[in-house]
Amino acid sequence: MLYVLLFAVCLLLGHWSASTFQAVIVWPANGVMLAALLQLHRRQAVAVLLACVLLNLGSNVLRGDGLPFLWTNVVLNLGQVLVAGVLARRLGGAALDMRRPRRLFAFALAAAAPAVVLSTTAAVGLGIALRDYSPTMAIFVWQHMFGMELLGLLIVTPTLLLLARTHRFSLDRAASTAGVPEAALLFLLLAAVTAWVFSQPSSMAFAVLPPLMLIAFRLSPPWTALALIVVTVISGVGTLTGHGPMMLGAVADIPDLAGLPLRMRQMGGYYVFLLVTVVTALPLSTLMSQRRRLVERLQARNAVAMEAQARAERSDAAKSRFLALMSHEMRTPLNGIAGYADLLARRNDLSPEVLPQVEAIGRSGEAMLMLVEDVLEFSRGGEAITSERLIVSDLLHEAAAPARLNAEAKGLPFILTIEPEARGAFTGDRRRLRQALHHVISNAVKFTDSGEVRVAAAHDGAILSVVVSDTGSGFDPAFMPRLFDAFAQSDDSLRREHMGAGVGLPLALAQIRRMGGRIDVVSTPGQGSTFSVAVPLSPVSVSEDAPSSEVERAMRVLIVDDHPVNREMMRLMLAAADCETVEAKDGLEAVERAREGGFDLILMDVRMPHLDGLGATERIRALSSPVAAAPILAVTADAMPEDAVRCRNAGMDGHLAKPITHMRLYAAIDQAMQAAAHRLEKVAA
């Protein structure tokens, strides 16, 4: 109904303009019909078009048009609308969105313009046939009708479609960057400037463009389309009444056009003005609207991405806390199992039947510890590489110890060869290298049932090379691409002979790569495999090597731990080395015992009541007595890399993760003593 009323209003305006000024500036009626055709459903559109045709026919009767122009005018108007509608649907889709620059240009150039060309050409052809138009008259009438009807389609149809879309979709109403007060001021400015320009003879038509461009930049396309209508109405009234820049143009004296009204002959320049404003403002507004939508989408996606990143960071932090807690809680009971199994295995009064059982408990504890470390390492990913002093021979013996025991149990010869150039001191990430070599060596023993396993280490001045070869089952070359994939199994059937979680080799490769090294593999099914590990290690010169930690008297050690079982276990391990021990059950007691002085070493737990090990270490370092410089070794179930960093930052000289054995405890004490010696040398220097 609204479209029919608009069409009727357009007809009345056209009749009024023609009767009053003998000229029609713009023919908007066809634009209303085309908007209805494109916007409404089929039945509604047909009803509106039929009503508009009847109104058009009635207006022609009232105007006194004779035959055949009484009905040809109606047919041409309807044909123009149908052709433009079909082309617009073909090029713009079912939902013609005039906010998109590409579709707006397609509508103007490939739908509206061709339809107007066809209808105008047909109308002029009828004029030539029935009214005997001269060539000059035919050209003028064609130009006038083309401009009048094309501007009607370009101004009215996009405006109505944009307004209809704004009414239906609330998102379009928020597309403007300006508020209501600013929009009102911009429209008042545009109306005032346009009225000023077209109220007097002047050449200031370009003054209309700046406020129109402001509206295009700041407001949405529907507002810009309304602004174009405001400009058309004000400038049209001014032009029809004989004012504005168009009146300054000279009218050529052409005899064939002498019978036409002066206003109609002056419309050529005015049509150019309107066409320039339309093709400038509306496309620019659609471009700015699209840019604002893209910016809003980008901001929305950035907000979603930032929120996802924040959630991921919170999840990662929660995972890290969970891993740290699980590591601590699992290592605490493992410390008792592995430690006391190690103590029992060193006793001389065990029966031959009991000793293998105790050793089996120790091996199971070590295997459980390795599995816990692997899973935690695989779950938390990589951390920064650390650089510390290490002895390759000691590290290789430690990494190969579980595999050597397994080889002995299977009756396999296990041969470890270390070249002289690889026996010195080096700097590198001790934990990563030990873990990686342990997995490679253990993998060789696991898949070898007969023959032998050989481990050979060499150093060429920059690269440590460790070659692990076996005479085991090997693997099919087809499995090579998945060899280092997490949880991959060459045989994952229920009848497989070798058990495992499938994280050892992937973790070994990840650790070696983080240290800047590589792993090469050669394998033959049924004949064995050879893993070649190459890692860059920097040698430490003899002058940099720390002095020996051996002393003439018995070493006096302060053991700090809140668990009596752990204190007793460390006391027994140190008693085997003829050490004198003093115990403290928390950090406060540790500081009091340290004030008494005379300690060569302090073994400090971290998680304790009243005062933790970090705070106790800082207080001990602040003492004025010689004990402030004593080596302090963290012996704790907090085994994450960041835990070791916190311990060193608090003033400790080493970090030993539980569970502990004689070998691991003595090695960690030796490293802590050497680190303390280096610390004192730096202070003295």
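Here is a short report on the structure shown in this document. (Residues numbered from 1 in each chain as written. Predicted model: local features only at pLDDT ≥ 70, side-chain atom pairs only at ≥ 80, totals over all residues. Heavy atoms only, no water.)

### A short note on the overall build of the protein
A count of helical and extended segments in the protein gives 21 helices and 13 strands. For the protein, the proportion of its 685 residues judged to be buried stands at 48%. Long-range pairs, those at least 24 residues apart, make up 72% of the contacts in the protein with a sequence separation of at least 6. Here the protein has roughly 33,200 Å² of accessible surface; of this, 62% comes from carbon and sulfur atoms. (Helix = DSSP H or I, 4+ residues; strand = E, 2+ residues; numbered from the N terminus. Buried < 20%, exposed > 50% of the residue type's maximum accessible area, 1.4 Å probe, protein only. Contact = heavy atoms within 4.5 Å. Areas by Shrake-Rupley, 256 points an atom, 1.4 Å probe, with all protein chains shown as cover.)

### Observations concerning helix H4 (residues 69-92)
Along its 24 residues, H4 runs 33 Å from first to last C-alpha, staying within 8% of the 34 Å computed at 1.5 Å per residue. Looking at H4, one finds that the buried residues are Leu70, Thr72, Val74, Leu76, Asn77, Gln80, Val81, Ala84, Gly85, Ala88 and Gly92. (Expected span 1.5 Å × (residues − 1).)

### Re the layout of surface pockets
Taken as a whole, the second largest pocket holds about 1,000 Å³ of empty space. Every residue lining the second largest pocket is counted, 35 residues in all, and those nearest its centre are Arg63, Asn73, Arg131, Met145 and Met148. Breaking the lining of the second largest pocket down by element, the ones donating at least two residues are helix H1 (2-21), helix H3 (42-63), H4, helix H5 (101-131) and helix H6 (135-168). If one sorts the elements of the lining of the second largest pocket by residue count, H6 sits on top with seven residues. Here the residues of the lining of the second largest pocket sort into 18 nonpolar, 13 polar and four charged. (1 Å grid on protein atoms, 1.4 Å probe; cavity = no way out; pocket = protein on both sides within 12 Å on 5 of 7 lines; lining within 4 Å. Points joined across faces, edges and corners; volume = space filled by probe spheres on them. Nonpolar A, V, L, I, M, F, W, Y, C, P; charged D, E, K, R; others polar.)

### Quick notes on the packing of aromatic side chains
Centre distance and the angle of the planes are the two values used to describe a pair of aromatic rings. Summed over all chains, the structure comprises six aromatic pairs. Consider the rings of Trp142 and Phe146, whose centres lie 5.1 Å apart with planes at 5 degrees: the pair is stacked. A residue pair is termed a helical-turn pair when its members lie 3 or 4 positions apart in one helix, as Trp142 and Phe146 do in helix H6 at four residues. When the ring of Phe198 is compared with that of Tyr270, the centres are 6.4 Å apart and the planes differ by 85 degrees; the resulting orientation is edge-to-face. Remark: Tyr270 occurs in helix H12 (residues 267-345) and Phe198 occurs in the loop between helix H8 (180-197) and helix H9 (209-218); sequence separation between them is 72 residues. Of the residues examined, Phe198 reaches a relative accessible area of 3% and is grouped as buried. For the cation-ring pair, Arg556 lies above Phe599, with the distance from its terminal atom to the ring centre recorded as 4.3 Å. (Phe/Tyr/Trp six-rings, centres within 6.5 Å; stacked < 30°, edge-to-face > 60°. Lys NZ or Arg CZ within 6 Å of the ring centre and 35° of its normal.)

### What about helix H15 (residues 430-446)?
Since the α-helix packs 3.6 residues into each turn, any two residues three or four apart lie on the same face. Over its 17 residues, H15 extends 24 Å from the first C-alpha to the last, a length consistent with the 24 Å expected when each residue adds 1.5 Å. Most of H15 sits inside the fold, with 14 of its 17 residues counted as buried.

### Some remarks on the pairing of strand E12 (residues 632-636)
In terms of burial, E12 is a largely internal element, five of the five residues being buried. Where burial is concerned, the two faces of E12 agree: the one with Ile632, Ala634 and Thr636 and the one with Leu633 and Val635 are both buried. In the sheet, strand E11 (residues 601-604) pairs with E12 via three bridges, with the strands oriented parallel. Residue pairing for E12: Ile602 is matched across the bridge by Ile632. In this region the chain leaves E11, passes through helix H19 (residues 613-621) and returns to the parallel neighbour E12; the handedness of that crossover is right-handed. Pairing of E12 with strand E13 (residues 654-657), which is carried by four bridges, proceeds in the parallel orientation. By the bridge assignment for E13, Val635 is matched with Leu656. With helix H20 (residues 641-649) bridging E12 and the parallel E13, this β-α-β connection has right-handed handedness. (Pairing = 2+ DSSP bridges. Right-handed = clockwise from strand over helix to strand, strands pointing away.)

### Examining the nonpolar core
Formed by 85 residues in total, the largest nonpolar core has its most connected members in Tyr3, Ile25, Phe107, Tyr270 and Phe273. Excluding residues that lie within four positions of it along the chain, Tyr3 makes contacts with Val32, Ala35, Ala36, Gln39, Leu40, Val48, Leu160 and Ala164. (Core = buried A, V, L, I, M, F, W, Y, C linked by side-chain atoms within 4.5 Å.)

### A look at the sheet that holds strand E9 (residues 556-560)
Taken in spatial order, the five strands make up an open sheet running E10-E9-E11-E12-E13, and their pairing is parallel. Strands with a single pairing partner mark the edges of an open sheet, and in this sheet they are strand E10 (580-584) and E13. Across the sheet, the mean angle from the axis of one strand to that of its neighbour is 20 degrees, orientation sign disregarded. Along the sheet, helix H18 (residues 587-596) contacts E9, E10 and E11; its crossing angle with E10, the most-contacted strand, is approximately 140 degrees. With respect to the sheet, H20 is in contact with E12 and E13, its orientation differing from that of E13 by roughly 145 degrees. (Axes fitted to C-alpha atoms, helices over the stretch in contact; angles between N-to-C directions.)

### Some thoughts on unusual backbone geometry
Here the bond from Lys658 into Pro659 is cis, since omega is 0 degrees, no more than 30 degrees from zero. Note on placement: Pro659 falls in the loop between E13 and helix H21 (662-684). Located in the positive-phi region is Asp132, a residue other than glycine, with phi close to 55 degrees. Its place among the elements puts Asp132 in the loop between H5 and H6. Overall, Asp132 belongs to the exposed group, its relative accessible area being 68%. One non-glycine residue, Asp578, lies in positive phi territory at about 60 degrees. In this structure, Asp578 sits in the loop between helix H17 (564-575) and E10. The class of Asp578 is exposed, set by a relative accessible area of 60%.

### Observations concerning the sheet that holds strand E2 (residues 414-418)
Within the open sheet, the five strands sit side by side as E2-E4-E5-E7-E6. Their pairing is mixed. The outermost strands of the open sheet, each flanked by one partner alone, are E2 and strand E6 (518-524). For this sheet the average axis-to-axis angle between neighbouring strands, irrespective of direction, equals 10 degrees. Of the strands in this sheet, E2, strand E4 (453-459) and strand E5 (463-470) touch helix H14 (residues 392-410), which is tilted by about 175 degrees from E2.

### Notes on the side chain of Lys658
Among the structural elements, Lys658 can be located in the loop between E13 and H21. With a relative accessible area of 4%, Lys658 lands in the buried category. In terms of polar contacts, Lys658 uses its side chain to reach the side chain of Asp561, at 2.9 Å. (Polar contact = N/O pair within 3.5 Å; in protein donor to acceptor, adjacent residues only side chain to side chain.)

### Remarks on the side chain of Ser529
You can see Ser529 is positioned in strand E7 (residues 528-536). Of note is the side chain of Ser529, whose polar atom sits 2.8 Å from the side chain of Ser523. Sequence-distant contacts of Ser529, defined by excluding residues within four places in its chain, comprise Val468, Ser469, Asp470, Gly474, Phe475, Val522 and Ser523.

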